[in-house]
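Coordinate analysis (summary)
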Amino acid sequence: MSNPIISVRGIGKEYQLGATLQHDTLRDQITHGVRSLFGGGKRPEKAKNSFWALKDVSFDLNAGEAIGIIGRNGAGKSTLLKVLSQITEPTEGEIRVRGRLASLLEVGTGFHPELSGRENIFMNGVILGMTKAEITKKFDEIVAFAEVEKFLDTPVKRYSSGMYVRLAFAVAAHLEPEILVVDEVLAVGDAAFQNKCLGKMEDVAKKGGRTVLFVSHNMAAVQALCGRIIHMKQGRKVGDGDVNEQVNAYLGEIKQPTTGAGAESVPLGKVITLNQLDFTPNPVTSGKDLKFSVELGSNRKTNLSELAVLIYSVFGARIAILDLRRPDGQMSIDPDNPYRISGTIKDLPLVEGDYRIGLFLNCAEYYGDYHDLASLTVSAAIRENALPPYPAHYRGALELDYDVEF
Amino acid sequence: MADAIEAKPALATAERVIKPKKGLISIDFAELWRYRELFVFLAWRDVLVRYKQTFLGIAWAVLQPLATVGIFTFIFGYVNKNAEQNGMTVFEYAVMCMAGMLPWQFFSNAMRESSNALVANAQMISKIYFPRLIVPSSAVLSGTVDFLVGAVIMGVMMAFAGTALRPHLFMLPLFFLVGFLAAFAIGLWLSALNVKYRDVKYVVPFLAQMGLLVSPVGFPASAIPEKYLFWYNLNPMVGVIDGFRWSIFGAKFEPYWPGFTVSLTVTLLLLVTGALFFRNSEKTFADVI
């Protein structure tokens, strides 16, 4: 048997939390240095302020395989892709890559809003590792795929977000590496374009015989595209193999709350932590009121300008959001004063089943979506009319309140 | 599709090993050569973007240096009678100032752009791999366009002042190269430091402002007493500006060559240490930026 195209051996990545947070300016570094000169001073405790985003991950990947990587937020999926893409260096272990690897961790890396569509195609293509000659050859194909012919000479800052994403994905889709690493890029764009992208990736993997590594929260996409799945949890590989088996294991995992009595808070980026994200009652009966409460902590004083609870179906399609922005825009958090907010969803209009809950937040330092922080189970309402309801999967996600005149 | 398959055998044999790097990290010139197109494209993007949605466009590249030259000529050359003392007309004095301003302006812009380049491209650095050295170097390259525009204006001024064209002019690109390397060397140090210490953004305007007054832009370097000239040339731009004046005026502005050697040595020293410092801080860029 030939060599695997990628072999990953005992990869670990340790992040120093304290070091980056405490010495942001030279002054901090100098005062720290001076303090440790006089009277020893307090050193940040290394052991306490570091964590392993990845630990002891090993696997082999054969040429032509399409592999999905799934796991909760903070399970180490993105870190794994970053290490594979050489963006960040592993702390331990070794990876051997035998082929040209292109990574697509974001659509439109290097896009500049002031440049036209045409200019950005070249810029982005070169950044992704294509040569100018390759881009020139595929230019028409890229433009046709993105459906932006008329706007080629318009600065992309005037594009709609849909057009922007289409153009960005189109460039990436025409890369021809032997190994393609893709992170969650399909979470953007409209449904029709998402399907087109999935189709293109399927082509790449199945007909093109190339190797694809794909991270997604969209289980339907992972199941459609991948022949094998690696399931990550807290920086470690907990499962590797059959698609359905791993997806079911993962769906089982996300039913258990990450937070709650005794549980540790979950980091949401470098500053914010999630202390609590609860729904009561859970399980809830469809059509009844549902109370929610969120508590966010932080490791330094910061301000949230936006916050939303995101509700996803089991397969990762977004169903609804709870917009928790305050009219005055001020939600301050500091280590001693966590931010709490709670409320009630009236007559919960969801079809019975499991729902995955995430958060979107925008604080002074960064913003982002965080997936699978909790889950919500909705049980069937007791119906008064005589006809038995259709099965849940047949009824979609929403229970509408409507009258019919027969 | 066909090319991809054709290209496969050659590429498939190449095996890359990703593991923690230990010890002093050197510069991977082969890899830099593979990414040469990105180097040019990033500079091209900077140039395209720089004057978009401005009314005067690229004229900004010369307005500021021209105004400064005008003020220097008036104050030092005319009011302070430096022009007369050096046996020059006021126009010649303006050309002399411009010959100092041109490389200084390039250096100062290139230093500003390159020291900020990594932070300005933070998104790219945390999302894709390419040799990070390309970022500050292409920022310096993008300043060349402004420099060329300035050089055209310089030519016009020389014609106006009746400055003769001398064979020394062929040496000008060499002195420009030294200026380029000096800006790149400082850019390497400052951009890598800027990733971790945003203090750099306060240091750079200060360096640019002080440097303009301390470097021999508004006056000839011969105004400095000879016993200090050696030390004066520790500022690498002193050698570059002297070289520019010599290329334009010939023997009248013969540089103090031992001083020039000092400037050149400082430049090369900064360049080598800067590149090593940059390469060895590089692995934490994506985590810290």
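Residues numbered from 1 in each chain as written. Chains lettered and ligands numbered in written order. Predicted model: local features only at pLDDT ≥ 70, side-chain atom pairs only at ≥ 80, totals over all residues. Heavy atoms only, no water.

A few words on the overall build of chain B. Along chain B, the regular secondary structure elements total 14 helices and one strand. Counting the 289 residues in chain B, one finds 51% classified as buried. Looking at chain B alone, contacts between residues at least 24 apart form 82% of all its contacts between residues at least 6 apart. Accessible surface computed for chain B: about 14100 Å², of which carbon and sulfur atoms make up 71%. (Helix = DSSP H or I, 4+ residues; strand = E, 2+ residues; numbered from the N terminus. Buried < 20%, exposed > 50% of the residue type's maximum accessible area, 1.4 Å probe, protein only. Contact = heavy atoms within 4.5 Å. Areas by Shrake-Rupley, 256 points an atom, 1.4 Å probe, with all protein chains shown as cover.)

Below, the discussion takes up the sheet that holds strand β1 (residues 16-18) of chain B. A sheet is described by the order of its strands in space; here four strands give the open sequence β2(A)-β1(A)-β4(A)-β1(B), paired in antiparallel fashion. Of all strands in the sheet, those bounded by a partner on one side alone are β2 (50-61) of chain A together with β1 of chain B. Direction aside, neighbouring strands of the sheet carry axes that sit 20° apart on average. Examined bridge by bridge, strand β1 (residues 6-16) of chain A and β2(A) share eight bridges and lie antiparallel to one another. Pairing of Ile11(A) across the sheet is with Val57(A), part of β2(A). (Pairing = 2+ DSSP bridges. Axes fitted to C-alpha atoms, helices over the stretch in contact; angles between N-to-C directions.)

Okay, the packing of aromatic side chains next. Per the stated rule, a full pass over the model turns up 26 aromatic pairs over all chains. Note on Phe151(A) and Tyr159(A): the rings are 6.5 Å apart at their centroids and 70° apart in plane angle, and the pair reads as edge-to-face. For Phe151(A), a relative accessible area of 36% translates into the label partly exposed. Relative to Phe107(B), the ring of Trp104(B) lies with its centre 5.4 Å away and its plane at 40°, an arrangement referred to as tilted. On the criterion of helical spacing, the pair formed by Trp104(B) and Phe107(B) is a turn pair, its members being three residues apart in helix α6 (residues 90-120). Among the aromatic residues, those joined into a cluster by ring pairs are Phe106(B), Phe147(B), Phe176(B), Phe180(B) and Phe244(B). Across from the ring centre of Tyr15(A), 5.1 Å away, lies the NZ or CZ of Lys13(A), which sits over that ring. (Phe/Tyr/Trp six-rings, centres within 6.5 Å; stacked < 30°, edge-to-face > 60°. Lys NZ or Arg CZ within 6 Å of the ring centre and 35° of its normal.)

Residue and element names in this part refer to chain A. Taken together, the side chains of Asp-289, Asp-347, Asp-401, Asp-403 and Glu-405 make up a negatively charged region of the molecular surface. Topologically, Glu-405 is positioned in the segment after β19 (367-379). For Glu-405, a relative accessible area of 79% gives the class exposed. (Patch = residues over 30% accessible without salt bridge, like charges linked within 9 Å, V, L, I, M, F, W, Y side chains within 5 Å. Salt bridge = Lys/Arg side-chain N within 4 Å of Asp/Glu carboxyl O. Lys, Arg positive; Asp, Glu negative; His and termini not counted. Charge placed at Lys NZ, Arg CZ, Asp CG, Glu CD.)

Looking now at the nonpolar core. Side chains of nonpolar character tend, in soluble globular proteins, to be buried together. Counting 159 residues, the largest nonpolar core has Ile6(A), Ile95(A), Ile121(A), Phe169(A), Leu213(A), Phe214(A) and Leu38(B) as its most contacted members. Counting residues per element, this core draws most heavily on α6(B), which supplies 16 residues. With 38 residues, the next largest nonpolar core counts Leu304(A), Leu359(A), Cys363(A) and Leu373(A) among its residues. (Core = buried A, V, L, I, M, F, W, Y, C linked by side-chain atoms within 4.5 Å.)

Residues and elements named next belong to chain B. With their axes 9 Å apart at the nearest point, helix α4 (residues 60-79) and helix α8 (residues 134-161) run at an angle of 45° to one another. One element, α4, and the other, α8, form an angle in the oblique class. Seen from above, α4 lies across α8 with right-handed handedness. From α4, Ala-61, Val-62, Leu-66 and Val-69 reach across to α8, where they touch Asp-146, Val-149, Gly-150, Ile-153 and Met-157. For the contact of α4 with α8, the class distribution of residues is seven nonpolar, one polar and one charged. (Parallel < 35°, antiparallel > 145°, perpendicular 65-115°, else oblique. Left-handed = near helix turned anticlockwise from the far one by under 90°. Nonpolar A, V, L, I, M, F, W, Y, C, P; charged D, E, K, R; others polar.)

Residue and element names in this part refer to chain A. If you walk across this open sheet you meet the six strands as β5-β6-β7-β3-β8-β9, and the pairing is mixed. Because the sheet does not close on itself, it has two edges, and the strands there are β5 (101-104) and β9 (236-241). The average undirected angle you get between the axes of adjacent strands in this sheet is 15°. Along the sheet, helix α3 (residues 77-84) makes contact with β3 (66-71), β5, β6 (179-183), β7 (211-215) and β8 (228-233), crossing β3 at roughly 140°.

The next subject is a nonpolar patch on the surface. All names here are of chain B. A cluster of nonpolar side chains, namely Ile-71, Phe-74, Ile-75, Tyr-78, Val-79 and Val-90, defines an oily patch on the protein surface of about 590 Å² accessible area. No other element matches α4, which puts five residues into the nonpolar patch. Mapped onto the fold, Phe-74 is located in helix α4.

Attention shifts here to the pairing of strand β18 (residues 353-363) of chain A. Residue and element names in this part refer to chain A. The buried fraction of β18 amounts to nine of the 11 residues, a majority that puts the element mostly inside the structure. Relative to β18, strand β14 (residues 302-313) runs antiparallel, the two being bridged by nine bridges. In the strand pairing of β18, Leu-307 is matched with Leu-361. Pairing of β18 with β19, which is carried by nine bridges, proceeds in the antiparallel orientation. Looking across to β19, one finds that Asp-354 is bridged to Thr-377.

Below, the discussion takes up the interface of chain B and chain A. Opposite the 41 residues of chain B that make contact, chain A presents 54 residues. Between chain B and chain A the total buried area reaches about 4400 Å² when both faces are included, carbon and sulfur atoms providing 55% of it. Linking chain B with chain A are six salt bridges, by the criterion used here. Between Glu15(B) and Arg98(A) there is a salt bridge, with its nearest N and O atoms 2.6 Å apart. Counting the contacts that link chain B with chain A gives 12 residue pairs in polar contact (both at pLDDT 80 or more). By residue number, the principal contributor to the side of chain B that touches chain A is helix α3 (residues 36-50) of chain B, which donates eight residues. Considering only residue class, the side of chain B that touches chain A consists of 22 nonpolar, three polar and 16 charged. Here strand β4 (residues 92-97) of chain A pairs with β1(B) via three bridges, running antiparallel. Pairing of Val97(A) across the sheet is with Arg16(B), part of β1(B). (Buried area = accessible area lost by both parts, 1.4 Å probe. Polar contact = N/O pair within 3.5 Å; in protein donor to acceptor, adjacent residues only side chain to side chain.)

A few words now on the environment of Lys283(B). Relative to the helices and strands, Lys283(B) resides in the loop between α13 (257-281) and α14 (285-288). For the pair formed by Lys283(B) and Lys21(B), sequence separation is 262 residues and the distance between their alpha carbons is 8.6 Å. Those residues in contact with Lys283(B), other than ones at most four positions away along the chain, are Thr88(A), Glu89(A) and Lys21(B). Side-chain polar atoms of Lys283(B) contact the backbone oxygen of Lys21(B), separated by 3.4 Å.

Let us look at the packing of α3(B) against α8(B). Two numbers describe a pair of packed helices, the interaxial angle and the distance between the axes. All names here are of chain B. Where α3 contacts α8, the two axes come as close as 8 Å, and the packing angle between them is 50°. Overall, the two elements α3 and α8 adopt an arrangement that is oblique. In this structure, α3 meets α8 at a crossing whose hand is right-handed. Residues Leu-38, Phe-39, Val-40, Leu-42, Ala-43, Asp-46, Val-47 and Arg-50 of α3 lie in contact with α8, whose contacting residues are Ile-134, Ser-137, Ser-138, Ala-139, Leu-141, Ser-142, Gly-143, Val-145 and Asp-146. Its residues assigned to classes, the contact of α3 with α8 shows 10 nonpolar, four polar and three charged.

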